[in-house]
Amino acid sequence: MAEPTRLPAPAGATWTLDPDFVVGLIGMGDMGKMYAHRLSAAGWRIIACDREEKYDDLVKEFSGNSNVKILRNGHLVSRASSYIIYSVEAASIGRVVAQFGPSTRLGAIVGGQTSCKDPEIKAFEEYLPADVDIVSCHSLHGPNVDTRNQPLVLIKHRASDRAFAKVENLFRCLNSKHVYLTAQEHDRITADTQAVTHAAFLSMGKAWHATNSFPWEGARYVGGIENVKINLMLRIYAQKWHVYAGLAILNPEAHKQIGQFAKSTTELYTLMLEGHGEELRERVYKAKAAVFGKEGEAKWGGEPLLREEVLDQFTLGEKKGPALPNNHLSLLAMVDCWSALGIVPYDHMICSTPLFRLWLGVAEHLFRTPGLLDESLRVGIEDRTFSRDDLQFTIAACGWAECVSLRQFDTWRERFAVTQRFFEPRFKEAVEVGNAMIKAVLASSKD
């Protein structure tokens, strides 16, 4: 047996490279490939597969990487791997584990990289041999985000301390922040931080699509907050539909969050339309106190999460003068939703995705900047500039909530795909700008 080697990780972390520890990847989508590239670059041996019709293309793609070997199917990967990671759609995890799980090597460790752990753990418990350890994971970021300092959830579901230590050691090369949760805790926190955030941006995209508008081309959506809305909306629609569908539909914890977001959006928009200014103000300020704290007892830090001058740099179009006053219905509804569900978003910062930190940051900016919240409430009652967009946003939020409550994957896919095609010509630029924005925001927010 070869002698393990000690290697330095970025930013001072270290891990022990064991040449006999083979990582198997079943599923070579965007995240599977990310793991293959990152882990193999650190010296780990990887064997991987996807559907058999992708075999030749994957062999060609990884032909220059001596640490990655592509096999034809999950049976071959399962028989030869020390740690097998299922990186497949959450909706397919049961079927895939049922197919390949019985071939798992004696004494191996198995985990999954799905965004929803409830169906994943159920599949492992049903189809894996009893001698297999189960240690799941979830990198809380997309495939194009630098893994350094990003949260990586590790779930010791059924494993010895020795097996869990091997998985911890493997992932240290990513230099992510390890977060230790149960599967249930993972699903509750991802519902709190991701499901509603995604619903907001998905609804924005549907609203702008319904009005046949590209918001960066006009003068209505200008400024730092609008840059976040536009760039992150495009970033989400540039991804694969199943990433968000699985997290929302298969996560039992996500249903009530997405339903409440639609309810909050509808009720706040109704108050605006009917001119109930005092009731609107009372409700929003009650939500502010619940989420951000009362006067003198603020839950936010001494410094804001985001600085608007940083966000102002990242626009897709030419800047066309000062920002128009906006009621920011999406942000008001998000905070109202958190308040109704008793969610304090700061409690989940250690598990937050870059998208969630940006979204919380702009919500915090709206609620803590003197005069800005009152201005948005005034606009909601007196100004009809954004009423058409707000109507479509409300309809879209309710539509996504209905898809989730009915567990309609096909309807979700079609709703997503038609809007994805509408915005597709700007995806490449949006992803580049979005990556730069996330990098700049994270850098500016470091202590």
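Check the entry above for the structure.
Since we're looking at a predicted model, the values are computed, not measured.

Novice: I tried to follow the nonpolar core on my own but got confused; where do I start?
Specialist: A general feature of soluble globular proteins is that nonpolar side chains tend to end up buried together. If you look at the biggest cluster of nonpolar residues, it comprises 84 residues, and the most contacted ones within it are Phe261, Phe292, Leu332, Phe367 and Trp412. The dominant element in this core, judged by the number of residues it contributes, is helix α7 (residues 183-210), at 10 residues.

Novice: I would appreciate a short explanation of the packing of aromatic side chains in the present structure.
Specialist: Centre-to-centre distance and the angle between the planes together describe a pair of aromatic rings. Scanning all chains against the criterion turns up 21 aromatic pairs. Ring centres of phenylalanine 201 and tryptophan 359 lie 4.7 Å apart, and the angle between their planes is 55°; this geometry places the pair in the tilted category. Placement of phenylalanine 201 in helix α7 and of tryptophan 359 in helix α14 (residues 354-368) is noted, with a sequence separation of 158 residues between them. Like tryptophan 359, phenylalanine 201 is buried. Geometrically, the ring pair formed by tyrosine 237 and phenylalanine 423 is tilted, given 6.5 Å between the ring centres and 40° between the ring planes. Of this pair, tyrosine 237 sits in helix α8 (residues 224-237) while phenylalanine 423 sits in helix α17 (residues 409-423), and the two are 186 residues apart along the sequence. Residue tyrosine 237 is classed as buried on the basis of its relative accessible area, which comes to 0%. One aromatic cluster in this structure is built from Phe214, Trp216, Tyr237, Tyr244, Phe416, Phe422 and Phe423.

Novice: I tried to follow the pattern of salt bridges on my own but got confused; where do I start?
Specialist: Opposite charge on two side chains permits pairing when their charged atoms draw close. This model, assessed by the stated rule, comprises 20 salt bridges. Lysine 33 is paired through a salt bridge with glutamate 61; the nearest N and O atoms lie 3.0 Å apart. On the criterion of sequence distance, the pair formed by lysine 33 in helix α1 (residues 30-41) and glutamate 61 in helix α2 (residues 55-61) is long-range, its members being 28 residues apart. Residue classification places lysine 33 among the partly exposed positions, given a relative accessible area of 24%. Accessibility expressed as a relative area gives 40% for glutamate 61, which makes it partly exposed. Two residues, aspartate 146 and arginine 38, come together in a salt bridge whose shortest N-O distance is 4.0 Å.

Novice: What is the right way to look at the sheet that holds strand β7 (residues 109-112) in this model?
Specialist: Strand pairing in a sheet takes place through backbone hydrogen bonds and is either antiparallel or parallel in direction. With respect to topology, eight strands assemble into an open sheet ordered β5-β4-β3-β6-β7-β8-β9-β10, the strand pairing being mixed. Across the chains shown, the open sheet's two edge strands, defined by having one partner strand only, are β5 (68-70) and β10 (177-180). When strand polarity is set aside, the average angle formed by the axes of neighbouring strands in this sheet is 25°. Pairing between strand β3 (residues 22-26) and strand β6 (residues 83-86): four bridges, direction parallel. Note on β6: the bridge partner recorded for valine 23 is tyrosine 83. The sheet strands contacting helix α5 (residues 117-127) are β6, β7, β8 (133-139) and β9 (151-158), and the helix crosses β8 at an angle near 160°. Running at roughly 165° to β9, helix α6 (residues 161-171) makes contact with β3, β6, β7, β8, β9 and β10 of the sheet.

Novice: What is the right way to look at the pairing of β8 in this model?
Specialist: For a regular strand, the rule is simple: side chains alternate between the two faces of the sheet. β8 sits mainly inside the fold: seven of its seven residues count as buried. The handedness of the β7 to β8 crossover, carried by α5, is right-handed. Two strands pair when backbone bridges link them, and β8 and β9 are joined in this way by six bridges, in the antiparallel orientation. The residue bridging serine 136 from the neighbouring strand is isoleucine 155, located in β9.

Novice: Help me out: how do you make sense of a negative patch on the surface in this one?
Specialist: Side chains of Glu274, Glu278, Glu279 and Glu282 sit close together on the surface and give a patch of like negative charge. Relative to the helices and strands, glutamate 279 is located in helix α11 (residues 277-292). By relative accessible area, which is 46% here, glutamate 279 ends up partly exposed.

Reading the values: rules and limits
- Residues numbered from 1 in each chain as written.
- Predicted model: local features only at pLDDT ≥ 70, side-chain atom pairs only at ≥ 80, totals over all residues.
- Heavy atoms only, no water.
- Core = buried A, V, L, I, M, F, W, Y, C linked by side-chain atoms within 4.5 Å.
- Buried < 20%, exposed > 50% of the residue type's maximum accessible area, 1.4 Å probe, protein only.
- Helix = DSSP H or I, 4+ residues; strand = E, 2+ residues; numbered from the N terminus.
- Phe/Tyr/Trp six-rings, centres within 6.5 Å; stacked < 30°, edge-to-face > 60°.
- Salt bridge = Lys/Arg side-chain N within 4 Å of Asp/Glu carboxyl O.
- Pairing = 2+ DSSP bridges.
- Axes fitted to C-alpha atoms, helices over the stretch in contact; angles between N-to-C directions.
- Contact = heavy atoms within 4.5 Å.
- Right-handed = clockwise from strand over helix to strand, strands pointing away.
- Patch = residues over 30% accessible without salt bridge, like charges linked within 9 Å, V, L, I, M, F, W, Y side chains within 5 Å.
- Areas by Shrake-Rupley, 256 points an atom, 1.4 Å probe, with all protein chains shown as cover.
- Lys, Arg positive; Asp, Glu negative; His and termini not counted.
- Charge placed at Lys NZ, Arg CZ, Asp CG, Glu CD.

In short, geometric facts, not functional conclusions.
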